[in-house]
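Single-letter residue listing:
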Amino acid sequence: MDWKTLQTDLFDKGYVAGDELAMALHLSVTLGKPLLLEGAAGTGKTQIAKTLAELFDTRLIRLQCYEGLDASAAIYEWNYQRQLLSIRAAAETHESGKDIEERIFSEKFLLQRPLLEAIRQDRPPVLLIDEIDRADEEFEAYLLEVLSDFQVSIPELGTIAAKTRPYVILTANGARDLSDALRRRCLYAFVDYPDRATELAILAKRNPGLNERLAEQIVGVVQALRKEDLEKKPGVAEMLDWAAALAGLGVNDLADDPQQVQATLVCLLKTQADRAAVPIEVQQRLVGKAA
């Protein structure tokens, strides 16, 4: 599969990828290298992994990163409750300490977390490491072994090598700088908000029955809103939600009922400050420009 075919296949699944992103995905898949996607929230980075899993008809395994994430939540941990019960049962039968240790630190008591689970699949899954920049810098060290050699070291069991090599997608929203060591192990693409033509294509693909004039207005307003001084700029997902809401209400033209359109902005504006920054007068101005 060449990158153009991949681009077309993604489009058929509802994801409109530009040439640069399609090439980056193609190289990531063919070279077996993780792909780091950076960009603002709402630009469709997470959706890329979901669509890729759908396209390859394989599992999507997701690790949602957060501050304080550690190996026990991301790679593996031991089932301490079951181990304790086993130790108590063994004590009643006077089992030797060595036998107890060998049993409780076995596969039976191992809890697989996303990173370990991903490398132990019989069929390559898509591994999504979402918002890696939200995790602490120390957590990146845990990732390096997995991303470099696709293996996990467990002191009690030894090194567990990958059965298959997962397709790895990492996303980052720019919350902090990522380490050079992590970047070196990844291919890279920046995912920006789509231009007008691309966003219209996304909307047409995801909502094919939408009135053409309304589609033009929706995309025009959303693109204009991203240029306003907002705390949370509306992403592609919010645009699609708004389009679905307007279609469900039977709206054919944003200029027909400003009050109703203003009420639907709950789909786009997600903080009180942003709602206050776009009163009905601003909404009508944006609709007028979009028309």
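Below is a short write-up of the structure.

Conventions used here
All residue numbers refer to position in the chain's written sequence, counted from 1. For a predicted model such as this one, the threshold for reporting local features is a pLDDT of at least 70, and the threshold for listing and counting side-chain atom pairs is 80 or more; totals across whole chains, interfaces and linings nevertheless cover every residue. With hydrogens and water set aside, each side-chain value is computed from the structure's full complement of heavy atoms. We define a nonpolar core as any set of buried Ala, Val, Leu, Ile, Met, Phe, Trp, Tyr and Cys residues linked to one another through side-chain atoms lying within 4.5 Å. Type-normalised accessible area, obtained with a 1.4 Å probe on protein chains alone, sets the label of each residue: buried when under 20%, exposed when over 50%, and partly exposed for intermediate values. A helix here means a DSSP run of H or I that spans at least four residues, while a strand means a run of E at least two residues long, and both kinds are numbered starting from the N terminus. In what follows, a contact means two residues having at least one pair of non-hydrogen atoms within 4.5 Å. The rule for pairing is simple: two strands pair if DSSP sees at least two bridges between them. Only the stretch in contact is used when a helix axis is fitted, and all axes are lines through C-alpha atoms; the angle between N-to-C directions ranges over 0 to 180 degrees. Any two cysteine sulfur atoms lying within 2.5 Å of each other are counted as a disulfide.

**Observations regarding the nonpolar core**
Grouped together as the largest cluster of nonpolar side chains are 34 residues, with contacts concentrated most on Leu 115, Leu 116, Ile 129, Ile 132, Phe 139, Leu 143 and Leu 170. Mapped onto this core, the elements with two or more residues apiece are β2 (60–64), α4 (71–74), β3 (76–78), α7 (114–119), β5 (126–130), α8 (137–149), β6 (151–154) and β8 (167–172). Dropping the residues within four chain positions of it, Leu 116 is found in contact with Ala 74, Ile 75, Tyr 76, Leu 110, Val 152, Ile 154 and Ile 160. By size, the runner-up hydrophobic cluster in this structure holds 31 residues, among which are Ile 202, Leu 203, Val 221 and Leu 225.

**Some thoughts on the sheet that holds β8**
Strand order in this open sheet of five strands is β2-β5-β8-β1-β9, and the pairing throughout is parallel. The open sheet is flanked by β2 and β9 (187–190), the only strands paired with a single partner. Along the sheet, successive strands turn relative to each other by an average axial angle of 20°, direction set aside. Bridge count between β5 and β8: four bridges; the pairing is parallel. When the bridges of β8 are listed, Val 126 appears paired with Tyr 167. Strand contacts of helix α2 (residues 19–31): β1 (35–38), β8 and β9, with the helix running at about 160° to β9, the strand carrying the most contacts. Those strands touched by helix α3 (residues 45–56) are β1, β2, β5 and β8, and its axis lies near 170° from that of β5.

**Observations concerning the side chain of Gln 7**
Counting through the fold element by element, Gln 7 comes out in helix α1 (residues 3–12). With sequence-adjacent residues up to four places away left out, Gln 7 is seen in contact with Ala 17, Gly 18, Asp 19 and Ala 22.

**Brief notes about the state of the cysteines**
This model, assessed by the stated rule, comprises zero disulfides. Take Cys 65: it sits in no disulfide, and the sulfur closest to it among the cysteines is that of Cys 186, at 12 Å. By relative accessible area, which is 2% here, Cys 65 ends up buried.

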